[in-house]
Amino acid sequence: MHLYPPPRNYRQGNGSLSRVGRSYLRMADPVSPLLGDAIARFATRNGLTLTWGQPAPAAVLVTVGRDRGTTAESCHIKCNGDGITLTAADDRGTFYGLGTVEQILAQTGNAIPWFEIRDTPDFATRGVVLDISRCKVPTMETLFDLIEALARLKYNQLQLYTEHTFAFVNHRTVWADASPLTAAEIRKIESWCRERFIDLVPNLNSFGHFERWLRH
């Protein structure tokens with residue numbers, strides 16, 4: 001399997017788990033509304049029914065729980081004859097672990113090799129800076145797709161490099177004909193990021209990059 005980013009520790013087992021008849025994702029512990037929404041999206045994308053109950057063990061593909069003995073953002077994923085179990089210390093660790101599980105499900109079909117993964121980030125801040133002031137300003141759809149991809153790669157920060165492509169209400173002359181992002185659009189982007197555990201960080205350039213402002 002090809003997992004990105006590569007987990008800190010991966011061990012292959014000697015058997016395989018049949019996915020046939022396993023249609024449930026079971027929640028073993030309470031979660032926050034934010035993580036609950038992310039888990040529901042994961043279940044929908046992967047054709048699973050989300051449950052807090054106790055379906056027959058052979059019907060459960062993934063079980064998600066908490067392990068407060070691990071470090072922040074880390075997770076432990078194990079696959080054997082009983083199914084796939086994901087435990088993590090916090091919401092972010094669970095979210096990142098689900099991203100790893102989703103990569104595995106996409107590559108393995110109905111026979112999932114047994115494995116054990118213990119993973120934790122190498123860096124606390126994993127960010128991307130996207131220039132939205134030169135050439136073409138991305139559409140909202142493009143930005144949403146990018147954020148989705150970054151989340152699956154476990155990035156947790158996005159900065160939109162901005163010079164003159166934000167629609168300041170009282171300074172239309174600066175951004176006229178530049179396809180700027182509006183305040184309402186920025187709020188939508190921030191919400192999309194937050195739902196995927198990404199911090200949207202303001203990045204407004206000045207001085208040497210302020211030509212569109214200084215000319216007026």
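Quick summary incoming for the structure in this document. Being a predicted model, the structure only gives us computed values, none of them experimental. Here, residues in each chain are numbered from 1, in the same order as that chain's written sequence. Two thresholds apply to this predicted model, a pLDDT of at least 70 for residue-level local features and 80 or more for giving and counting side-chain atom pairs, whereas whole-chain, interface and lining totals are computed over all residues. Each side-chain value is worked out from all heavy atoms of the structure, with water and hydrogens disregarded.

## Things to note about the sheet that holds strand β9 (residues 157-161)
Threshold: A pair of strands counts as paired when DSSP detects no fewer than two bridges linking them. Secondary structure elements follow DSSP: runs of H or I no shorter than four residues count as helices, runs of E no shorter than two count as strands, and numbering proceeds from the N terminus. In this analysis, axes come from line fits to C-alpha atoms, helices being fitted only over the stretch in contact, and the angle between any two N-to-C directions falls in the range 0 to 180 degrees.
On the basis of which strands lie adjacent, the open sheet formed by 3 strands has the order β8-β9-β10 and parallel pairing. Of all the strands in the sheet, the pair left with one neighbour each is β8 (127-131) and β10 (199-201). The sheet shows a mean angle of 20° between the axes of neighbouring strands, direction not considered. Two strands pair when backbone bridges link them, and β9 and β10 are joined in this way by 3 bridges, in the parallel orientation. In the strand pairing of β10, Q159 is matched with V201.

## A look at the environment of F115
Rules: The criterion used for residue contact is that any of the two residues' heavy atoms lie within 4.5 Å.
Tracing the backbone shows F115 in strand β7 (residues 111-119). In sequence terms F115 and N14 are 101 residues apart; their C-alpha atoms lie 8.4 Å from each other. In this view, F115 contacts Y10, R11, Q12, G13, I77, K78, C79 and I104; residues no more than four positions away in its chain are not counted.

## Here we look at the nonpolar core
What counts, and what does not: Here, the term nonpolar core denotes a set of buried Ala, Val, Leu, Ile, Met, Phe, Trp, Tyr and Cys residues that are joined through side-chain atoms within 4.5 Å. For every residue, the accessible area (1.4 Å probe, protein chains only) is compared with the maximum for its type, and the residue is labelled buried under 20%, exposed over 50%, or partly exposed between those bounds.
Judged by nonpolar contacts, the single largest core of 42 residues is most densely connected at L25, V62, V64, I77, I84, I112 and I189. When residues no more than four places from it in sequence are discounted, the contact partners of I84 are L17, L61, V62, T63, I77, K78, C79, V101, L105 and I112.

## A look at the packing of helix α3 (residues 140-152) against helix α5 (residues 183-195)
Inclusion rule: Note on terminology: angles under 35 degrees are roughly parallel, angles over 145 are roughly antiparallel, angles of 65 to 115 are roughly perpendicular, and the others are oblique. Left-handed describes a crossing whose near helix is turned anticlockwise from the far helix through less than a right angle; right-handed describes the clockwise counterpart. Any residue that is not Ala, Val, Leu, Ile, Met, Phe, Trp, Tyr, Cys, Pro, Asp, Glu, Lys or Arg is counted as polar, Gly included; the first ten are nonpolar and the last four charged.
Axis separation between α3 and α5 bottoms out at 10 Å; the angle between their running directions is 20°. Between α3 and α5, the interaxial angle falls into the category roughly parallel. Crossing of α3 over α5 shows right-handed handedness. From α3, M140, L143, F144, I147 and E148 reach across to α5, where they touch E185, K188, I189, W192 and C193. Of the residues belonging to the contact of α3 with α5, the class tally is 7 nonpolar, no polar and 3 charged.

## Remarks on the sheet that holds strand β5 (residues 75-80)
Strand order in this open sheet of 7 strands is β1-β7-β5-β6-β4-β2-β3, and the pairing throughout is mixed. The sheet is open, and its two edges are formed by β1 (9-18) and β3 (49-51), each paired on a single side. Each strand of the sheet is rotated relative to its neighbour by a mean of 20°, with strand direction disregarded. Two elements, β5 and strand β6 (residues 83-88), share 6 bridges in a ladder whose sense is antiparallel. Considered in β6, the bridge of N80 is made with G83.

## A word on the side chain of D119
We apply this condition: Nitrogen and oxygen atoms within 3.5 Å of one another constitute a polar contact, given that in protein one can donate a hydrogen and the other can accept it, and given that sequence-neighbouring residues count only through two side-chain atoms.
Among the secondary structure elements, D119 is positioned in strand β7. In this structure the side chain of D119 is engaged in a polar contact, spanning 2.9 Å, whose partner is the backbone nitrogen of R8.

## Considerations on the packing of helix α1 (residues 33-45) against helix α2 (residues 91-108)
Contact geometry for α1 and α2: axes closest at 10 Å, N-to-C directions at 5°. Between α1 and α2, the crossing angle belongs to the class labelled roughly parallel. Residues L35, A38, I39, F42 and R45 of α1 pack against D91, T94, F95, L98, V101, E102 and L105 of α2. When grouped by side-chain class, the residues that make up the contact of α1 with α2 number 8 nonpolar, 1 polar and 3 charged.

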